[in-house]
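The lines below spell out each chain.
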Amino acid sequence: MTTSQARAASAYATINLESRATASGGVDLVILLIEGVIDRIKLARVAIVQRDVQQKITQLNRALSILGEGLRAHLDVRAGGEIARNLDDLYAYCSVRLLHANAQNDVGALDEIVALLNPLLGAWNTVRSAGQNSAAVVGSTLSEVTRTLKNTVPAMQRAYGSSAYASFAAGV
C-alpha cells in the first residue's frame, strides 16, 4: 500500500468511526472505546511477542489514552453512583496493569485486562440491544457486571490501582 493509499484508508476509518459514534449516541461510543482498548491491547501483545518495542509502546499508550481520556474522564461518579465508582476503579486498575505490562513485557497482564473488559463490553452490548425501552434492564445489567468485576479484582489491587494511577497521573 502506498503512502497516499494508507492516508486515504486512515481517513476513511476515522470518518467511519466518527459516524458510528455520533449516529448511535453514548452507548455506542462507550462500546467503540472499550473495543478500541481491547484492540490496542491485542496489538501490544503481538508486539511484545515479536519484540517490537516501538509498536508495543505505541499501542499501550493508545490504550492508556482511551482508558484515561475516553472512558475515565467522562465518568460522572456523583451522578453515576456505584456503577460509575466501580467503572472508575476498574479503569484505574487496568491503567496500572497496562503500565506494568509495558515495563515488564507481561502478556499475562494484558490477557487479564482483556478478560476484565470483555464482560463489560458484553454488558454494554446488552444495553444497546435493550434500547431506551428497558431502563431497568440497562441499570441492572451494568450494576451486575460492575459488581462482579469489583469482586473479581481484589480490594487490595483496586486500592493499589487507584493510588498508583493517581500517582502516575500527577507525575510522581
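For the structure itself, consult the block above.
Residues numbered from 1 in each chain as written. Predicted model: local features only at pLDDT ≥ 70, side-chain atom pairs only at ≥ 80, totals over all residues. Heavy atoms only, no water.

Participant: Quick one: what's the story with the overall build of the protein chain, residue by residue and with numbers?
Facilitator: The helix and strand tally for the protein chain stands at seven helices and zero strands. A total of 172 residues make up the protein chain; the buried ones form 36% of that total. Across the protein chain, contacts joining residues at least 24 apart in sequence account for 65% of those joining residues at least 6 apart. Within the structure as shown, the protein chain displays about 9,700 Å² of accessible surface, and the carbon and sulfur contribution to it stands at 54%. (Helix = DSSP H or I, 4+ residues; strand = E, 2+ residues; numbered from the N terminus. Buried < 20%, exposed > 50% of the residue type's maximum accessible area, 1.4 Å probe, protein only. Contact = heavy atoms within 4.5 Å. Areas by Shrake-Rupley, 256 points an atom, 1.4 Å probe, with all protein chains shown as cover.)

Participant: Go over helix H5 (residues 107-130), please, and point to the residues and values.
Facilitator: Note that an α-helix has 3.6 residues per turn; residues three or four places apart therefore point the same way. Over its 24 residues, H5 extends 35 Å from the first C-alpha to the last, a length consistent with the 34 Å expected when each residue adds 1.5 Å. Residues of H5 that are buried include every one of Ala109, Leu110, Ile113, Val114, Leu116, Leu117, Leu120, Leu121, Ala123, Trp124 and Val127, and no others. For H5, the N-terminal capping position is held by Asp106, with its side-chain oxygen 2.9 Å away from the main-chain nitrogen of Gly108. Positioned one or two residues after H5, Gly131 has a phi angle of 70°, which is positive. (Expected span 1.5 Å × (residues − 1). Polar contact = N/O pair within 3.5 Å; in protein donor to acceptor, adjacent residues only side chain to side chain.)

Participant: Hey, could you go over the pattern of salt bridges for me, with residue numbers and the actual values?
Facilitator: Overall, the coordinates contain four salt bridges when judged by the stated rule. Note that Asp111 and Arg45 form a salt bridge whose closest N and O atoms lie 2.7 Å from each other. Here Asp111, found in helix H5, pairs with Arg45, found in helix H2 (residues 26-49); they are 66 residues apart in sequence, far enough to count as distant. Residue class for Asp111 comes out partly exposed when judged on its relative accessible area of 35%. Note that Arg72 is salt-bridged to Asp88, the shortest N-O span being 2.7 Å. Taken together, the positions of Arg72 in helix H3 (residues 53-72) and Asp88 in helix H4 (residues 77-104) put the pair 16 residues apart, joining distant regions of the chain. With respect to burial, Arg72 and Asp88 carry one shared label: buried. (Salt bridge = Lys/Arg side-chain N within 4 Å of Asp/Glu carboxyl O.)

Participant: Before we move on, can you summarise H3 with the specific residues and values?
Facilitator: Taking 1.5 Å per residue, 20 residues should reach 28 Å; H3 reaches 26 Å between its end C-alpha atoms and fits that length. Along H3, the residues classified as buried are Lys56, Gln59, Leu60, Ala63, Leu64, Ile66, Leu67, Gly68, Gly70, Leu71 and Arg72.

Participant: Please provide a residue-by-residue account of the environment of Asn86, values included.
Facilitator: Along the chain, the position of Asn86 falls in helix H4. Residue Asn86 is classed as buried on the basis of its relative accessible area, which comes to 5%. Each C-alpha atom, one on Asn86 and one on Thr148, is 9.7 Å from the other, the two residues being 62 residues apart in sequence.

Participant: Kindly report on the nonpolar core, identifying the contributing residues and their values.
Facilitator: Counting residues in each nonpolar core, the largest one holds 35 residues, and the members touching the most others are Ile34, Leu98, Leu117 and Leu120. If you tally residues by element for this core, the top one is H5, at 11 residues. Residues within four places of Ile34 in sequence aside, it is in contact with Leu71, Tyr91, Leu117, Leu120, Leu121 and Trp124. (Core = buried A, V, L, I, M, F, W, Y, C linked by side-chain atoms within 4.5 Å.)

Participant: Please provide a residue-by-residue account of unusual backbone geometry, values included.
Facilitator: Positive phi is not limited to glycine here, since Arg51 has a value of about 60°. Tracing the backbone through its elements, the reader meets Arg51 in the loop between H2 and H3. Given the relative accessible area of 74%, Arg51 is considered exposed.

Participant: Run through the environment of Leu117, naming residues and quoting values.
Facilitator: One can find Leu117 in helix H5. Through-space distance from the C-alpha of Leu117 to that of Tyr91 is 9.2 Å; in sequence the pair is 26 residues apart. Sequence-distant contacts of Leu117, defined by excluding residues within four places in its chain, comprise Ile34, Val37, Ile38, Leu90 and Cys94.

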